[in-house]
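# Structural overview
Spelled out from the first residue to the last, the chains are:
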Amino acid sequence: MEQAAVCPAVGGSYPQKNAEILSSQYGINLFLAGLLLTFAWAVHAVGISKSHLLSYLITLMLIQLLWMLWYLCRSCTQRRLIRDKDTHAGARWLKCGITLFAVITLILDSFKIGYYIDFSNCLSPTEGIFPVTHAVHTILQVYFLWCHAKDVIQSFKTLERFGVIHSVFTNLLLWTNGVLTESKHQLNEHKERLITLGFGNITVALDDHAPQCNCTTTTLCSIFSQGIYYLYPFNIEYHILASTMLYVLWKNIGRKVEYHQQNKTPFKFHGITVGMIFGLIVLTSTIAIVVVYLIQIGGSKIKSELALTMFYLHAIFVLALMCTAGIIALLIYRLEDRSLDNSKNPARKLDAELLVGTAAGSWLLSWGSILAIICAQGHPKYTWYNLPYSVLVIIEKYIQNLFIIESIHREQEKANDDIKTLRIVTISRGSTLSLTPLYKEIYNGRAARDSGDMPCLFKGSICGRENDGAGVAKEETSQDNSLVMHSASDFSFYSRNSVTNNKRRILKNIAAFLFLCNLSLWIPPAFGCRPEYDNGLEEIVFGFEPWIIVVNLAMPFSIFYRMHSAASLFEVNCKT
């Protein structure tokens, strides 16, 4: 009988597992085809133009739009049904973040439409169709994620797996396209800067994809062309966030949800003033450094060297502070005795894997810089600052990953057992038992003065009254002794609770400080402040093209790491 009951359940898992494998292979092939098409356009392959790449991306977006519309219509017809939800997926702050990036992406699309109108004489129609399709895709996808990111799909599972994984890899290809376009623009600027630093012998011809005709309105064309590249970082973050949220939705298909009470963790500014102040100082100074860097770099050799030195000194100071804060947080965790939550959680598992995986991009660049400094024959003065900077980048990410991963795996602090099991009643002659005032009032001694009744405290039990009148005096004496004894234990409990609250406050301030620091360190590479490009030493050791390939591959992961760390630290702050 037991075997007969188990076999169908085991056999029923095979179609689901096969659907998961088939859909993942479909998504990977979809991505590889688009990746090769993108690469062929980037290297000016014969017979491959930008219109071919955009046509492929438009087709993928239209297929995803059809699937999302079908899913939304089916959900609307079944809105009265109770559906399983993954309470850990699609947090509200994450939805707000992706909405902000989506709004800026829509501005980017409007700039692209304006750019196409000005150069319509010599641009392919696909360059006008693409931003329109992308804008519609963005609006519908954000709405879909707001409404259904928490869904645990239990019907049409095979079809839904293909639809969701198609959406995941469509967003990854759009992210790749954005990264490549932005990187080519940065590379052209980088080649021009190297000439001012005296490395003109290692530069190659500029890679120009500009239209081969004149703009109808020169001023607008300049605004659109320059504005597009300043908005690309937000577009890149939007697509990578969307792909991660959709991946969690894909992993949740057919999953059996464990029903338990999920505590709400709202963000509060109370108690994190110190962390916010120091974090805002770092953020403000970083913005100032980036502005000065972008103005000075490429102006002359002296100005470029000063800009690089200024950047390295500021980054070394910030990274040292972040390392110190992370070590303090880990030491506090070692002093606490709290169990880890090992329950199955796709969102949490993906967060941890992304932290370590994307950190590898920065580690690759840092080890490349360290090796270049060791092996180079000549060392301009500013390049020596690159050594402590690269070492601190490696250490800081190592410490921060430990802190974040342990934080998201720690169980949330529950109410103390002493409070949960406490029963407070009064003894009133000739009356039934009644609840006394709140514990805080009893602790402060107000309850006895106001009501005239003496409280009796027993952990996990209820105190009854004596039936015989002769025991009243003994009862009052025992109550006095009990009150004194419990006052001492309450004071001990209050002291322990005070220490716990202090630790918690320190952890919240550290999380808030690291959150703002990661936002600060996201800004420089996202907006063109990239010393890995500009100091020139790595190009001499490794060669110009090999090092540029390494930077272009690793930099997107490094940029995403900072934004993902900031999102994870925001969650840590809410949970602490």
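Residues numbered from 1 in each chain as written. Predicted model: local features only at pLDDT ≥ 70, side-chain atom pairs only at ≥ 80, totals over all residues. Heavy atoms only, no water.

As annotated in an unreviewed UniProt entry, the protein chain is OTOP1 protein from Oriolus oriolus. For the protein chain, the Sequence similarities (unreviewed entry) comment in UniProt is given as "Belongs to the otopetrin family." Per UniProt, the protein chain carries the Subcellular location (unreviewed entry) text "Cell membrane". (UniProt positions renumbered as here; feature names shortened; annotations may be inferred.)

Take the overall build of the protein chain next. Across its full length, the protein chain carries 17 helices and two strands. Considering only residue pairs separated by 6 or more positions, the protein chain has 87% of its internal contacts joining residues 24 or more positions apart. With the model as given, the accessible surface of the protein chain reaches about 29200 Å², and the carbon-plus-sulfur share is 65%. (Helix = DSSP H or I, 4+ residues; strand = E, 2+ residues; numbered from the N terminus. Contact = heavy atoms within 4.5 Å. Areas by Shrake-Rupley, 256 points an atom, 1.4 Å probe, with all protein chains shown as cover.)

Attention now moves to the nonpolar core. In a soluble, globular protein the nonpolar side chains are often hidden away together inside. Membership of the largest hydrophobic core comes to 121 residues, with the highest contact counts inside it found for F144, F311, M322, Y389, F403, L514 and W522. It is helix α6 (residues 218-251) that contributes the most residues to this core, 16 residues altogether. Two domains each put at least three residues into this core: domain 1 (15-256) and domain 2 (268-412 + 500-575). F311 has contacts with I289, Y293, Y389, P524, C529 and P531, leaving out every residue within four places of it along the chain. (Core = buried A, V, L, I, M, F, W, Y, C linked by side-chain atoms within 4.5 Å. Buried < 20%, exposed > 50% of the residue type's maximum accessible area, 1.4 Å probe, protein only. Domains from an automatic or database assignment.)

All chains considered together, the criterion is met by four salt bridges. Taking the shortest distance from any N to any O, the salt bridge between R74 and E160 comes out at 2.5 Å. With R74 in helix α2 (residues 50-77) and E160 in helix α5 (residues 157-196), this residue pair connects regions lying 86 residues apart in the sequence. Of the two residues, R74 and E160, both sit in the buried class. (Salt bridge = Lys/Arg side-chain N within 4 Å of Asp/Glu carboxyl O.)

Time to look at empty space enclosed by the protein. Counting across every chain of the model gives four cavities of 30 Å³ or more. By volume, the largest cavity amounts to about 340 Å³. For the largest cavity, the lining is made up of 29 residues, of which F311, Y389, V393, L521 and E532 are closest to its centre. Those elements giving two or more residues to the lining of the largest cavity turn out to be α7 (273-296), α8 (301-335), α9 (346-375), α10 (386-409), α14 (472-526), α15 (531-534) and α17 (544-575). Grouping the constituent residues of the lining of the largest cavity by class yields 15 nonpolar, nine polar and five charged. (1 Å grid on protein atoms, 1.4 Å probe; cavity = no way out; pocket = protein on both sides within 12 Å on 5 of 7 lines; lining within 4 Å. Points joined across faces, edges and corners; volume = space filled by probe spheres on them. Nonpolar A, V, L, I, M, F, W, Y, C, P; charged D, E, K, R; others polar.)

Look at helix α3 (residues 92-118) against helix α4 (residues 126-148): their axes get within 9 Å of each other, and the N-to-C directions meet at 165°. Taken together, α3 and α4 sit at an angle that is classed as roughly antiparallel. In the crossing of α3 with α4, the sense of the turn from one axis to the other is left-handed. Listed contacts from α4 to R92, K95, C96, I98, T99, A102, T105, L106, D109, K112, I113 and Y116 of α3 are E127, G128, F130, P131, V132, H134, A135, T138, I139, V142, L145 and W146. Looking at the contact of α3 with α4, its residues break down into 14 nonpolar, five polar and five charged. (Axes fitted to C-alpha atoms, helices over the stretch in contact; angles between N-to-C directions. Parallel < 35°, antiparallel > 145°, perpendicular 65-115°, else oblique. Left-handed = near helix turned anticlockwise from the far one by under 90°.)

With that out of the way, let us pick up α6. An ideal rise of 1.5 Å per residue puts 50 Å on 34 residues; α6 measures up with 49 Å between its terminal C-alpha atoms. Residue L231 marks the point of greatest curvature in α6, where the axis turns by about 40°; the proline P233 follows within four residues. (Expected span 1.5 Å × (residues − 1). Bend = angle between axes of the 7 residues up to and from the residue.)

Attention shifts here to the environment of M276. Following the sequence through the fold, M276 ends up in helix α7. In this structure the C-alpha to C-alpha distance between M276 and A512, which are 236 residues apart in sequence, comes to 5.9 Å.

A few words on the environment of N345. Counting through the fold element by element, N345 comes out in the loop between α8 and α9. Along the backbone, N345 and H409 are 64 residues apart, and their C-alpha atoms lie at a distance of 9.9 Å.

Let us look at the packing of aromatic side chains. Enumeration according to the criterion identifies 20 aromatic pairs in this entry. Taken together, F101, F234, W522 and F527 form an aromatic cluster joined through their ring pairs. (Phe/Tyr/Trp six-rings, centres within 6.5 Å; stacked < 30°, edge-to-face > 60°.)

What follows deals with the environment of F169. Residue position: F169 is located in helix α5. With a relative accessible area of 13%, F169 lands in the buried category. Linking F169 and L30, residues 139 residues apart in sequence, is a C-alpha distance of 7.2 Å. Beyond its immediate sequence surroundings of up to four residues, F169 is in contact with S24, G27, I28 and F31.

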